[in-house]
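# Commentary on secondary and tertiary structure
The primary structure of each chain is shown beneath.
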Amino acid sequence: MTSILTPTPIAGRLLTGLLGAPIAHSASPAMHERAADALGVRCHYHLIEIAGAGRDDLRAILDGIRRLGFAGINVTFPYKEAVVDLLDELSPGARAIGAVNTVVARDGRLTGHNTDTTGFARAAKELVARSDRGPVAVIGTGGVGKAIAFALADLDVSEIRVFDTDIAKADQLVAQLRDRQAIRRAATVEDALAGAAGLVNGTPIGMLPDRGTPVPDALLHAGLWVADAVYSPLWTPLLNAAKSRGAQVMTGRDLAIYQAADAFELFTGMAPSATEMGIAFDDVMRKRYPPNAA
């Protein structure tokens with residue numbers, strides 16, 4: 001009899017997935033399954049969309065992951081912080097950040113990791129280098145915003161300015177990073193952007209069906225680079241406005257691909273092809289959204 005404590009394939013397939021809400025738009029199933037195919041592995045990536053899950057609900061879901069043969073799951077909005085103290089172990093990076101986007105299941109134990117940080121660092125390193133590592137404004141200090149701030153610290157930017165309407169959360173992030181990075185809480189978005197070289201949206205603002213923007217268009221200019229963690233749609237109102245004003249822009253594409261690649265390797269022990277994942281991501285975007293007209 002197969003032990004339920006070992007992440008063995010179900011029906012000959014590696015079983016992974018994504019927990020969050022809303023996630024019907026996610027490109028993760030296509031990316032993970034194509035990467036597995038390229039390595040000769042059968043993989044099923046399952047969407048676990050549950051809105052409004054409380055602590056007991058999350059505990060039950062994670063217990064199912066532990067017992068049902070999953071190699072692991074990704075975690076997205078709004079549960080990246082909520083799952084942290086429900087896991088058996090945390091990687092050093094996830095512990096420092098206080099947010100998890102990847103949970104690996106091994107021998108009945110669940111270990112949390114954060115590949116948003118490694119993924120964003122890979123995606124943004126050239127933008128940061130071209131801007132002489134100047135100050136960066138980060139809007140939003142939830143799970144992804146925190147991961148992005150830690151990635152920027154790894155990229156050695158001169159200063160991070162964080163803004164969040166939840167002042168306590170912003171202050172907590174400042175406290176987490178102040179011993180290793182010049183960082184401060186900005187009083188307003190305008191304050192965060194004053195003299196900044198870069199801007200990152202780490203909030204879900206702009207994710208469909210929302211069509212808002214976290215930054216007034218008037219604050220965007222050609223001397224700025226602008227990145228958005230949102231990829232549904234790929235071209236958010238923020239990025240369209242930034243591009244129209246001559247700013248360098250980075251869509252959520254590379255972050256989505258690199259964090260997925262790092263998570264896949266944690267799940268399987270095999271390094272996937274980021275190129276194959278990118279092809280899968282682009283296929284999803286072409287089918288789901290009209291071409292960018294900006």
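To be clear, the structure that these remarks concern was listed above.
The text that follows walks through the structure, step by step, so that each part is easy to find. (Residues numbered from 1 in each chain as written. Predicted model: local features only at pLDDT ≥ 70, side-chain atom pairs only at ≥ 80, totals over all residues. Heavy atoms only, no water.)

### As for the sheet that holds strand S1 (residues 14–20)
Two pairing modes exist for strands in a sheet, parallel and antiparallel, and in both the strands are linked by backbone hydrogen bonds. Pairing is mixed in the open sheet, where six strands are placed in the order S2-S1-S3-S5-S6-S4. Two strands lie at the open edges of the sheet, namely strand S2 (43–49) and strand S4 (89–90), each paired on one side alone. Summarising the sheet, S1 and strand S3 (residues 72–75) pair through four bridges and their orientation is parallel. Of the residues in S3, the one forming a bridge with Leu19 is Val75. Strand contacts of helix H1 (residues 28–38): S2 and S3, with the helix running at about 165° to S2, the strand carrying the most contacts. (Pairing = 2+ DSSP bridges. Helix = DSSP H or I, 4+ residues; strand = E, 2+ residues; numbered from the N terminus. Contact = heavy atoms within 4.5 Å. Axes fitted to C-alpha atoms, helices over the stretch in contact; angles between N-to-C directions.)

### Description of the pattern of salt bridges
One pass over the full model with this rule turns up 19 salt bridges. The closest approach of N and O atoms between Asp88 and Arg66, which form a salt bridge, is 2.5 Å. Residue Asp88 is found in the loop between S3 and S4, and its partner Arg66 is found in helix H2 (residues 55–67); the two are separated by 22 residues along the sequence. Sharing partners across several salt bridges, the network here consists of Asp63, Arg66, Arg67 and Asp88. (Salt bridge = Lys/Arg side-chain N within 4 Å of Asp/Glu carboxyl O.)

### Points about the layout of surface pockets
Estimates place the volume of the largest pocket at around 810 Å³. Lining the largest pocket we find 40 residues, and of these Thr76, Phe77, Lys80, Val144 and Met207 sit closest to its centre. For the lining of the largest pocket, the secondary-structure elements that each account for two or more residues are S3, helix H5 (143–154) and helix H9 (253–268). Here the lining of the largest pocket gets three residues from one element, more than from any other, and that element is H9. Class assignment of the residues belonging to the lining of the largest pocket gives a composition of 21 nonpolar, 15 polar and four charged. (1 Å grid on protein atoms, 1.4 Å probe; cavity = no way out; pocket = protein on both sides within 12 Å on 5 of 7 lines; lining within 4 Å. Points joined across faces, edges and corners; volume = space filled by probe spheres on them. Nonpolar A, V, L, I, M, F, W, Y, C, P; charged D, E, K, R; others polar.)

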